[in-house]
Amino acid sequence: MDDEYGPEVFSYTRAEAFEDGTFIEVPPAAASAAGIEMPLIITAGARQEFVAGNDGGEAGRLRTVLSAVARAVEASPADEICFVVPAGELPSGQEPTGADRLIAITEPGDSGEPVMTLMLPDEM
């Protein structure tokens, strides 16, 4: 695709990120229970940092993460598209890797629909 910036050099869609495991869908019922009504995904890195664990507590950590994200969204201006959740409000499922916050970005999906992506700051 050529445009005013020149030919497209590289393209990577959300669908491809799901296929390769970079993006993981958050169950809609879990997102809805936290008050998040749009499609929601979490990156593999953010999931590993704040949700994953081998102690059987993943569902509880996910609820805590989603509640913290919902509070950040609620406290933000109406036109905000990027929300920062401090790590102190989030559970840690593994040994800490130094992530000090979770970023939640609302953006258009591959078809233009609004979606929210939860990611670590270095994944932006």
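Described in the following lines is the structure provided in the data block. Since the model is a prediction, treat every value here as computed from it, not as a measurement.

The next point concerns the layout of surface pockets. To find leftover empty space, one rolls a probe the size of a water molecule over the atoms. Space inside the largest pocket adds up to approximately 190 Å³. Lining of the largest pocket is provided by 18 residues; of these, Glu25, Pro39, Leu40, Ile41 and Val115 occupy positions nearest its centre. Elements with a contribution of two residues or more to the lining of the largest pocket: α1 (14-19), α2 (28-33) and β4 (40-43). Of the residues belonging to the lining of the largest pocket, the class tally is 11 nonpolar, 2 polar and 5 charged.

For the rest of this paragraph, the subject is the sheet that holds strand β3 (residues 23-25). Strand pairing in a sheet is mediated by backbone hydrogen bonds. Such pairs are either parallel or antiparallel. A sheet is described by the order of its strands in space; here 5 strands give the open sequence β3-β4-β7-β6-β5, paired in mixed fashion. Because the sheet does not close on itself, it has two edges, and the strands there are β3 and β5 (82-86). Going from strand to strand, the sheet's axes swing by 25 degrees on average, the running direction of each strand aside. Pairing of β5 with strand β6 (residues 101-108) involves 5 bridges; the strand directions are antiparallel. Across the sheet, residue Cys82 finds its bridge partner in β6, namely Ile105. The strands that helix α4 (residues 58-75) touches are β4, β5, β6 and β7 (114-119); relative to β5, the one it contacts most, it runs at about 130 degrees.

About the criteria used
- Residues numbered from 1 in each chain as written.
- Predicted model: local features only at pLDDT ≥ 70, side-chain atom pairs only at ≥ 80, totals over all residues.
- Heavy atoms only, no water.
- 1 Å grid on protein atoms, 1.4 Å probe; cavity = no way out; pocket = protein on both sides within 12 Å on 5 of 7 lines; lining within 4 Å.
- Points joined across faces, edges and corners; volume = space filled by probe spheres on them.
- Helix = DSSP H or I, 4+ residues; strand = E, 2+ residues; numbered from the N terminus.
- Nonpolar A, V, L, I, M, F, W, Y, C, P; charged D, E, K, R; others polar.
- Pairing = 2+ DSSP bridges.
- Axes fitted to C-alpha atoms, helices over the stretch in contact; angles between N-to-C directions.
- Contact = heavy atoms within 4.5 Å.

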